[in-house]
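Results of the structural survey
The primary structure of each chain is shown beneath.
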Amino acid sequence: VLASLSQASGLPLSQVSFLVATLLNCPIAAATRFLPKGSARHAYGTLSTLGLLTLAYGRDVEQFVYAGALVYLFMRFFPRHCGYLTWGTIFSYQVYLHYERASEEAWNAGELDFTGSFMMLTLRLISIAMDYQDGARSKGRSTKKTAEEEGRSKRVITALPPVLEYSGYLGAIGAVLVGPHFFFHDYLDYANSTGEYALLNTDAFPGVWGPAVKAMMASAFSAALYFKTGSLITNRAAVLTWDSRKTLGIWGKLLVGFVCNVNYRLKLYFAWHLEEAVLILSGFGFSGFSTSDGVTPVWTKAVSAAMIECEMPPSAAISVVKWNRHTGTWLRTYVYDRIPMKGLAALLVTQTVCGLWHGCSPSFILFFSHSAVLIYSSRILYRIQTKYMAPETLSWTNPMHSFYTTFMLSYIAGGYNVVSLQSVLDWWQSVGWIGHYIFAAVFAAGAVFPKPNKPKDKSRTKNKTN
């Protein structure tokens, strides 16, 4: 059947298998809420997701089982080190898989393999192992906590989860197929109908059909626009590295690059909005009520990326928060917040880890390392706007900052669409390295307009003198 669908649609068999599994996940995951809470939901999530992964990837489903079993053994026998062991084995294996399967070349050629979904499993395995490690290390320690430890306290796991509960988390709602990531304590609230889900399946629980249909429409729109732009640009890598400045000019080439990058993102919008609809229908996407009126239901747990917010971000810092937001939260929780240094160095480390998670290729590593530079440059511009310029200038500097973010993201993202180091350099050279010159100018402006010194606490100074 899948082969017939592939032949009829003209899509590769791997794409058809994945698409069918993703579509089947919609009714399967949505039905989770109607099962008895606790063990039934754990078992249902485990078995249904294993079935969908088998449909999508065949025997490669074994990779998910082996990885989950290994991390559980780490948690069972090495609780104080299980998080670091998971980083060292599962994350390293993820990077190796990208290299061994040549995943980036395959993705650009339209082929799909299990590495994409394994990326989501990697997030979940590191998350639960690190939270359990934090719980094991917190035992017997002083009750006084740092601000960072206080932030982790909600996620800390103090007792080894039962196998069924653990596997239920890994397979919950089929989210391992395309995301998003969520924490273990959020899943337990949903599986046991506690916390925000205490009223699940009652009349008091918010209606799901309105926001779910809206997400489905966004998914359908993304798919339609993807095929339309794909018919215009059939080979993104070739278009981006072609030195066409003589015929198009730099601005024309940058416009073509922008369309190529949008085309790449549209397929992600399609999958993420579809999964958003699934999570809303299951009830899991519910995140409480709006703080503005206390009545409007909010579904942020289901949202990976809102298209308008991502395509027209006010600043690079905001774009990182809005794009693939749950993976961004994961990076902040398990990478950025645990780095001893801060500033640009911490951003570079965090974004490089993100690049390696995406794939062991120069294009990913260069894009994400440059995204750290972009975020830092955005902070410089924001500092100049708010500390050195009059408040009334924000009416026109904010749109300029937004344009800067969109322009520079498009410039550095051109490297995301190609594979080799030479192809990345060819893209930047084809547009005259304009983005790098702009980076240099912004950093120079940052040196001219440094961070203002923080005012000293007069009371503390007075106490010291006394």
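Here is a short report on the structure shown in this document. (Residues numbered from 1 in each chain as written. Predicted model: local features only at pLDDT ≥ 70, side-chain atom pairs only at ≥ 80, totals over all residues. Heavy atoms only, no water.)

**Overview of the overall build of the protein**
Basically, it comes down to this: In DSSP terms, a helix is any run of H or I states spanning at least four residues, a strand is any run of E spanning at least two, and both are numbered starting from the N terminus. We call two residues in contact when some of their heavy atoms are within 4.5 Å. In this description, accessible areas are obtained by the Shrake-Rupley approach with a 1.4 Å probe, and a residue is regarded as covered only by the protein chains that are shown.
When its secondary structure is counted, the protein shows 22 helices and 0 strands. Contacts in the protein between residues far apart in sequence, at least 24 positions, make up 71% of those at least 6 positions apart. Accessible surface, the protein: about 22,300 Å² in total, of which carbon and sulfur atoms supply 66%.

**Remarks on the environment of Arg124**
Spelled out, the test is: A simple rule labels every residue: compare its accessible area, found with a 1.4 Å probe on the protein chains alone, to the largest value its type can have, and call it buried under 20%, exposed over 50%, or partly exposed in between. Counting of polar contacts relies on pairs of N or O atoms within 3.5 Å, with two restrictions inside protein: one atom must be capable of donating a hydrogen and the other of accepting it, and residues adjacent in sequence are counted only when both atoms are side-chain atoms.
Along the chain, the position of Arg124 falls in helix 7 (residues 115–138). A relative accessible area of 0% means that Arg124 is categorised as buried. Considered as a pair, Arg124 and Trp330 are 206 residues apart in the sequence and their alpha carbons are 9.2 Å apart. Those residues in contact with Arg124 that lie beyond four places of it in its chain are Tyr169, Leu170, Ala172, Ala175, Val176, Pro180, His181 and Phe182. Of the polar contacts made by the side chain of Arg124, one reaches the backbone oxygen of Pro180; its length is 3.5 Å.

**Notes on a nonpolar patch on the surface**
Short version of the rule: Here a patch means residues that are over 30% exposed by relative accessible area and free of salt bridges, tied together within 9 Å if like-charged and within 5 Å if nonpolar (Val, Leu, Ile, Met, Phe, Trp, Tyr). Salt bridges are identified by distance alone: a Lys or Arg side-chain nitrogen within 4 Å of an Asp or Glu carboxyl oxygen.
Where nonpolar side chains cluster on the molecular surface, the patch consists of Leu47, Leu50, Val65 and Tyr66 and spans about 400 Å² of accessible area. Residue assignment for the nonpolar patch shows that the elements contributing at least two residues are helix 3 (39–57) and helix 4 (61–77). Within the element layout of this structure, Tyr66 appears in helix 4. Using a relative accessible area of 54% as the deciding quantity, one classes Tyr66 as exposed.

**A word on the packing of helix 4 against helix 5 (residues 82–100)**
Here is the rule: Angles here are taken between N-to-C directions and fall from 0 to 180 degrees, while the axes themselves are lines fitted to C-alpha atoms, restricted in helices to the stretch in contact. Orientation labels follow simple angle bins: below 35 degrees gives roughly parallel, above 145 gives roughly antiparallel, 65 to 115 gives roughly perpendicular, and whatever is left gives oblique. Crossings are classed by handedness, with left-handed meaning an anticlockwise turn of the near helix from the far one by less than a right angle and right-handed meaning a clockwise turn. Each residue gets one label: Ala, Val, Leu, Ile, Met, Phe, Trp, Tyr, Cys and Pro are nonpolar, Asp, Glu, Lys and Arg are charged, and the others, such as Gly, are polar.
Where helix 4 meets helix 5, the axes come as close as 9 Å, and the angle between the chain directions of the two elements is 160 degrees. As far as their axial angle goes, helix 5 and helix 4 are roughly antiparallel. The handedness of the crossing between helix 4 and helix 5 comes out as right-handed. Contact residues: Gln63, Ala67, Leu70, Val71, Phe74 and Met75 in helix 4; Cys82, Leu85, Thr86, Thr89, Ile90 and Tyr93 in helix 5. Residue composition of the contact of helix 4 with helix 5, grouped by class: 9 nonpolar, 3 polar and no charged.

**Re the packing of aromatic side chains**
Any two aromatic rings considered together are summarised by their centre-to-centre distance and by the angle between their planes. Our working definition: Within 6.5 Å between ring centres, the rings of Phe, Tyr and Trp (the latter by its six-membered ring) count as paired, and their orientation is classed by plane angle as stacked under 30 degrees, edge-to-face over 60, tilted in between. As a reminder, the over-ring test applies to NZ of lysine and CZ of arginine, requiring each to be within 6 Å of the ring centre and within 35 degrees of the ring normal.
In the structure shown here, the tally under the stated rule is 33 aromatic pairs. Taken together, a centroid distance of 5.3 Å and an interplanar angle of 85 degrees make the contact between Tyr169 and Phe184 edge-to-face. Of the two residues, Tyr169 is situated in helix 9 (residues 163–171) and Phe184 in helix 10 (residues 184–191); the sequence distance between them amounts to 15 residues. Overall, the relative accessible area of 4% leaves Phe184 in the buried class. Both rings, one in Trp428 and one in Trp433, keep their centres 6.2 Å apart while their planes meet at 50 degrees; by these two values the pair is tilted. A relative accessible area of 32% means that Trp433 is categorised as partly exposed. Clustering of aromatic rings is evident, with ring pairs tying together Phe18, Tyr57, Phe64, Tyr93, Tyr96, Phe114 and Phe118. Above the plane of the ring of Phe77 lies Arg76, whose end atom (NZ or CZ) is 5.2 Å from the centre.

**Looking at the pattern of salt bridges**
Applying the stated criterion across every chain, the model contains 10 salt bridges. For Glu100, the salt bridge identified is with Arg101, shortest N-O distance 3.1 Å. For Glu309, the salt bridge identified is with Arg325, shortest N-O distance 3.2 Å. Separated by 16 residues along the polypeptide, Glu309 in helix 14 (residues 307–311) and Arg325 in helix 16 (residues 325–334) bring together distant segments of the chain. Taking the relative accessible area as the measure of exposure, Glu309 reaches 34% and is therefore partly exposed. Each of Asp60, Glu100 and Arg101 takes part in one network of salt bridges that share partners.

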